[in-house]
Amino acid sequence: MAAYGLYTHISSNKLRSMLLLAGLFLLIYVLVYAGALLAEVMIDGNGSVGYYLMAASRDLVKAFPYATGAAALWIVIAYFFHQSIVDAVTGGEDVTRQQQPRLYNLLENLCISRGLPMPKLKVMDSEARNAFATGLNRRQYAVTVTRAC
């Protein structure tokens, strides 16, 4: 899974993202199973280990559609609202060319030189100098840059 150029990095990131999404479902199933196992032990503490494992497995089968729906809902919410969540946490604000012409031109020239679409430019207040990019598709691309408080 070595990546050498920009497009192989993009492809590698997409593959890893899909693996992480599949891992989210697996993690939720494991948590539901662990919760069911704990509940079975707390309800009836006189059974054998095999009994508890089988009872928790039956509970997992019953809860499987709900766990799958919850994980899918989590992914849908994250997909559609990730940028607003990031902005709410970081305090990032949209910046126009008129507000920050030098920064905007710098980002625009970088995108042109690399053949990338121009993302939204956002600025957040922070003592640390930093920048990060977010977005899952061309409509959602954004670059956030820190500004000294």
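Above: the structure in question.
Read on for an overview of the structure. Computed from a predicted structure; not experimentally measured.

Turning our attention to the nonpolar core. Counting residues in hydrophobic clusters, the biggest one holds eight residues: Val95, Tyr104, Leu107, Cys111, Leu121, Val123, Val143 and Val145. Looking at this core, the elements with two or more residues in it are helix 3 (101–114), strand 2 (120–125) and strand 4 (142–147). In terms of residue count, helix 3 provides more of this core than any other element does, three residues in total. Excluding anything up to four places from it in sequence, Leu121 contacts Glu93, Asp94, Val95, Leu103, Tyr104, Leu107, Val143 and Val145. Counting residues in each nonpolar core, the second largest holds five residues, with Leu24, Ile28, Tyr29 and Ala71 among its members.

The next point concerns the sheet that holds strand 3 (residues 131–134). Sheets are built from strands that pair by backbone hydrogen bonding, the pairs being arranged parallel or antiparallel. Overall, mixed pairing links the four strands, which are arranged 1-2-4-3 in an open sheet. The sheet is open, and its two edges are formed by strand 1 (93–94) and strand 3, each paired on a single side. Strand direction decides the pairing type here: strand 2 and strand 4, joined by six bridges, are parallel. Bridge pairing links Lys120 to Ala142 in strand 4. The sheet contacts of helix 2 (residues 49–90) involve strand 2, strand 3 and strand 4, and relative to strand 3 the element is tilted by about 155 degrees.

Before going further, it helps to examine helix 2. The terminal C-alpha atoms of helix 2 lie 47 Å apart, and with 42 residues this falls more than 12% below the ideal 62 Å at 1.5 Å per residue. Maximal helix bending in helix 2 amounts to about 70 degrees, located at Phe81. Each element contacted by the buried residues of helix 2 is listed here: helix 1 (6–43), strand 2, strand 3 and strand 4. Residue Gly91 follows helix 2 closely and has a positive phi angle near 80 degrees.

So, on to the pairing of strand 4. Counted residue by residue, strand 4 has five buried out of six residues, so it is predominantly covered. Across four bridges, the pairing between strand 3 and strand 4 is antiparallel. Across the sheet, the residue bridging to Phe132 is Thr144, located in strand 4.

To continue, consider the environment of Val95. Within the element layout of this structure, Val95 appears in the loop between strand 1 and helix 3. For the pair Val95 and Ala131, spaced 36 residues apart in sequence, the C-alpha separation works out to 14 Å. Aside from chain neighbours lying at most four places away, what touches Val95 is Gln100, Tyr104, Leu121, Lys122 and Val123.

A word on the pairing of strand 2. As paired elements, strand 1 and strand 2 share two bridges and run antiparallel to each other. Bridged to Glu93 within strand 2 is Val123.

Before going further, it helps to spend a moment on the pattern of salt bridges. Charged atoms that come close allow side chains of opposite charge to pair. In total, this model carries four salt bridges according to the counting rule given. As a salt-bridge pair, Lys122 and Asp87 come within 3.0 Å of each other at their nearest N and O atoms. Of this pair, Lys122 sits in strand 2 while Asp87 sits in helix 2, and the two are 35 residues apart along the sequence. The class for Asp87 is buried, based on a relative accessible area of 16%. Note that Asp125 and Arg147 form a salt bridge whose closest N and O atoms lie 3.0 Å from each other. Note that Asp125 is positioned in strand 2 and Arg147 in strand 4, a separation of 22 residues in sequence. Residues participating in the shared-partner salt-bridge network are Asp87, Asp94 and Lys122.

Calculation rules
Residues numbered from 1 in each chain as written. Predicted model: local features only at pLDDT ≥ 70, side-chain atom pairs only at ≥ 80, totals over all residues. Heavy atoms only, no water. Core = buried A, V, L, I, M, F, W, Y, C linked by side-chain atoms within 4.5 Å. Buried < 20%, exposed > 50% of the residue type's maximum accessible area, 1.4 Å probe, protein only. Helix = DSSP H or I, 4+ residues; strand = E, 2+ residues; numbered from the N terminus. Contact = heavy atoms within 4.5 Å. Pairing = 2+ DSSP bridges. Axes fitted to C-alpha atoms, helices over the stretch in contact; angles between N-to-C directions. Expected span 1.5 Å × (residues − 1). Bend = angle between axes of the 7 residues up to and from the residue. Salt bridge = Lys/Arg side-chain N within 4 Å of Asp/Glu carboxyl O.

By themselves, these observations are geometric and do not establish any function.
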